[in-house]
Amino acid sequence: MILVTGGTRSGKSEFAEQLVMRRGERYLYMATAKITDEEMARRVEKHQKRRSSRWTTHEGYHELWRVLEEEGKNYDGILLDSVSSMLTNLLFDLIGEVNWDTFDFADVDFKAAEQEIIPVFEKIAAAAEQRKLPLVVVTDEIGLGVIPDTYLGRAFRDMMGLANQKLAAAADEVYFVISGIPVKIKGE
């Protein structure tokens, strides 16, 4: 497994796509984003236009380790993009339907959420390792900025940091992309 991390708009997704395409002819793109508005739809469309017809897309963020177990060997390269949107979606699924304008995030048991969400990423890493799958995972490095001023922001940052640590520990290679320049920080 290869982990590609970096800041927002750093070029990490495009770099990760290039890593995947070096591996052969058949690629799986595991897209974890939810399209919630027009701006997000434009972002997704931009990513789609970059990819050729050699890519098969799996849209979703639930039980991706099963997708890897069942379909992984059918592809020369697999891209999961991204951990950040996947974690966001899993967290909001746990919170459930609420009135977001009045909801108090201090009411969320983030420790319990963490105990449910982090193992999902461990299962993905384990599936890739057990089956020796050519998986490239994209994530955001969000811990380099200021401390978030909201309870949700701090809890999300902490969960992202933990998920990134677990994935980086399991990865054979880790790249940090800065201003479009990938820097290898782990691996031969």
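Because the structure is predicted, anything quoted here is derived from the model rather than measured.

Asker: I tried to follow the sheet that holds strand E7 (residues 181–186) on my own but got confused; where do I start?
Answerer: The pairing of strands in a sheet comes from backbone hydrogen bonds and takes either a parallel or an antiparallel form. Reading across from one edge, E3-E2-E4-E5-E1-E6-E7 is the order of the seven strands in this open sheet, with mixed pairing throughout. Only two strands of the sheet have a single neighbouring strand rather than two, namely strand E3 (55–59) and E7. Averaged over neighbouring strand pairs, the angle between their axes works out to 20° when direction is ignored. Where strand E1 (residues 2–6) and strand E5 (residues 135–140) come together, five bridges link them in parallel fashion. From the neighbouring strand, Thr5 faces E5, where its bridge partner is Thr139. Lying on the sheet, helix H4 (residues 83–95) is in contact with strand E4 (77–81) and E5; it crosses E5 at an angle near 70°.

Asker: Help me understand the side chain of Asn164 in this model?
Answerer: Take Asn164: it is sitting in helix H6 (residues 151–170). Among the residues examined, Asn164 registers a relative accessible area of 8% and is labelled buried. Sequence-distant contacts of Asn164, that is, excluding residues within four places in its chain, are made with Leu3, Val83, Thr139, Asp140 and Glu141.

Asker: Explanation requested: the environment of Ile181 in the structure shown.
Answerer: Relative to the elements of secondary structure, Ile181 occurs in strand E7. By relative accessible area, which is 52% here, Ile181 ends up exposed.

Asker: Can you help me understand the packing of aromatic side chains in this one?
Answerer: One pair of aromatic rings is described through two measures. These are the centre distance and the angle between the planes. Within this structure, the stated rule accounts for eight aromatic pairs. On the numbers, 5.0 Å between centres and 90° between planes, the contact of Phe103 with Phe105 is edge-to-face. The rings of Phe92, Trp100, Phe103 and Phe105 are connected pair by pair, giving a single aromatic cluster. Just above the ring of Tyr29 sits the side chain of Arg51; from NZ or CZ to the centre is 3.6 Å. Directly above the aromatic system of Trp65 lies the positively charged group of Lys123, at a separation of 4.4 Å from the ring centroid.

Asker: Can you walk me through the packing of helix H5 (residues 110–131) against H6 in this structure?
Answerer: Across the interface, H5 lies against H6 with an axial gap of 10 Å and an inter-helix angle of 25°. It follows that H5 is roughly parallel to H6 by the angle criterion. Both H5 and H6 take part in a crossing whose hand is right-handed. Within the contact between the two elements, H5 uses Phe110, Ala113, Glu114, Ile117, Ile118, Phe121, Glu122 and Ala125 and H6 uses Tyr151, Leu152, Ala155, Met159, Leu162, Ala163, Lys166, Leu167 and Ala170. Its residues assigned to classes, the contact of H5 with H6 shows 14 nonpolar, no polar and three charged.

What counts and how
Residues numbered from 1 in each chain as written. Predicted model: local features only at pLDDT ≥ 70, side-chain atom pairs only at ≥ 80, totals over all residues. Heavy atoms only, no water. Pairing = 2+ DSSP bridges. Helix = DSSP H or I, 4+ residues; strand = E, 2+ residues; numbered from the N terminus. Axes fitted to C-alpha atoms, helices over the stretch in contact; angles between N-to-C directions. Contact = heavy atoms within 4.5 Å. Buried < 20%, exposed > 50% of the residue type's maximum accessible area, 1.4 Å probe, protein only. Phe/Tyr/Trp six-rings, centres within 6.5 Å; stacked < 30°, edge-to-face > 60°. Lys NZ or Arg CZ within 6 Å of the ring centre and 35° of its normal. Parallel < 35°, antiparallel > 145°, perpendicular 65-115°, else oblique. Left-handed = near helix turned anticlockwise from the far one by under 90°. Nonpolar A, V, L, I, M, F, W, Y, C, P; charged D, E, K, R; others polar.

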